[in-house]
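# Descriptive structure summary
The chain contents come next:
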Amino acid sequence: MRLPRARQALEIHRVMVRIRHFEEAAGALMESGRIPGGLHLYVGQEAIAAGVMSHLTPTDQITSTHRGHGHLIAKGGEMARMFAELFGKSTGYCRGKGGSMHISDFDQGMLGANGIVGAGIPIAVGAAFANRYRGNSNVSVTFFGDGATNEGTFHESMGLAALYKLPVVFVCEDNMYAEFTRRSRHQLIVPASDKGKAYGMPGVDVDGMDVIAVHRQAERCIARARAGEGPSYMECHAYRYFDHVGVTGMGVPYRTDEEREEWVARDPILRLEEQMIAGALSSAEELRAVHDEAAQEVADAIEFAERSPEPEAAALFEDVYA
């Protein structure tokens, strides 16, 4: 598949690398007890956020899931404020009150991660309705897992968006497991993209481990929405490298180590790096420098978060209502 222009390919690669380094560091911090609570990591799914978000502007909106750090990073989020939020510090995006599953940045059009399965879908449809009402060219994109497509919010939102031809793109991140339940045990629809066609909108299955494939398909769907032609449904097939919560990858009871190894062998970052080197868009040294830069950004962000103050007790009742 033809690569994007060099500058665009480099930016997509940088986004994926930043997500990977952030998530691996966040997972290690959680395991060591330095971050309270559990984290749902996005490692393995970076190509979806990076490929889709490469076509969005700061005024376009997205909604996310409980596995949402990668979405905010791809939308332009600052690692320092993200780590501060995970640490529960006042300098975080939600002043330390939202944590991992409720992190948001309205200035970047990130309307929030969400701990309730499928809850972000109608929010994105509402944003699309507002964009249509205001007559602007903004598009909203909602990310959700395969388990969310069993929820009533998904079906209601798909029907409404199709009926009114709203400028929204539905992106299902199928990582094969709804928490611990394999997809084949809770859904029988093959191909999965038929869910979009059932509601009168285009539906397409995409290799979610290939960022160029995601990038190309997202370009068509987002352009269609921006042109007033209505919603689209993308089913991106990927794999989460770790368990539902935390950094355990191997030895989990509901899947085999061999299955995980097969998917990791198709790693989206390594795959793009090989394509970029083969296409003379970058050298191995230049790509390594991107990893080094991301690692330093993570280290600086963690230091910022650790130095940041805890929320004051007087702030307990602030930001409760909009």
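Cut-offs and rules
Residues numbered from 1 in each chain as written. Predicted model: local features only at pLDDT ≥ 70, side-chain atom pairs only at ≥ 80, totals over all residues. Heavy atoms only, no water. Phe/Tyr/Trp six-rings, centres within 6.5 Å; stacked < 30°, edge-to-face > 60°. Helix = DSSP H or I, 4+ residues; strand = E, 2+ residues; numbered from the N terminus. Buried < 20%, exposed > 50% of the residue type's maximum accessible area, 1.4 Å probe, protein only. Pairing = 2+ DSSP bridges. Axes fitted to C-alpha atoms, helices over the stretch in contact; angles between N-to-C directions. Contact = heavy atoms within 4.5 Å. Polar contact = N/O pair within 3.5 Å; in protein donor to acceptor, adjacent residues only side chain to side chain. Parallel < 35°, antiparallel > 145°, perpendicular 65-115°, else oblique. Left-handed = near helix turned anticlockwise from the far one by under 90°.

This brings us to the packing of aromatic side chains. In this structure the tally under the stated criterion is eight aromatic pairs. Their ring planes at 35 degrees and their centres at 6.4 Å tell us that F144 and Y233 sit as a pair that is tilted. Taken as a pair, F144 in strand β2 (residues 140–145) and Y233 in strand β7 (residues 232–237) lie far apart in primary sequence, 89 residues in all. An identical accessibility class is assigned to F144 and Y233; each is buried. Ring geometry for F154 against Y233: centres 6.0 Å apart, planes inclined by 70 degrees, an arrangement best described as edge-to-face. Note that F154 is positioned in helix α6 (residues 152–163) and Y233 in strand β7, a separation of 79 residues in sequence.

Attention now goes to the sheet that holds strand β6 (residues 203–207). An order of β1-β2-β3-β7-β6 is seen for the five strands of this open sheet, with the pairing classed as parallel. Only two strands of the sheet have a single neighbouring strand rather than two, namely β1 (61–63) and β6. Between one strand axis and the next, the sheet turns by 20 degrees as a mean value, whatever way the strands run. Judged from the six bridges that link them, β2 and strand β3 (residues 168–174) form a sheet pairing that is parallel. Each bridged residue has a counterpart across the sheet, and for F143 the counterpart in β3 is V171. Strands in contact with helix α2 (residues 46–53) are β1, β2, β3 and β7; relative to β2, the strand with the most contacts, it is inclined by about 170 degrees.

The next point concerns the side chain of H55. In this structure, H55 sits in the loop between α2 and β1. Here the side chain of H55 touches H215 through a polar contact of 2.7 Å, landing on its backbone oxygen. With sequence-adjacent residues up to four places away left out, H55 is seen in contact with D60, H215, A218, E219, I222 and R226.

Before going further, it helps to spend a moment on the packing of helix α1 (residues 6–31) against helix α4 (residues 79–86). Direction vectors running N to C along α1 and α4 enclose 25 degrees, while the axes themselves pass 12 Å from each other. It follows that α1 is roughly parallel to α4 by the angle criterion. Considering how the two elements wind past one another, α1 and α4 form a crossing that is right-handed. Along the contact surface, α1 presents R18, F22, A25, A26 and L29, while α4 presents M79, M82, F83 and L86.

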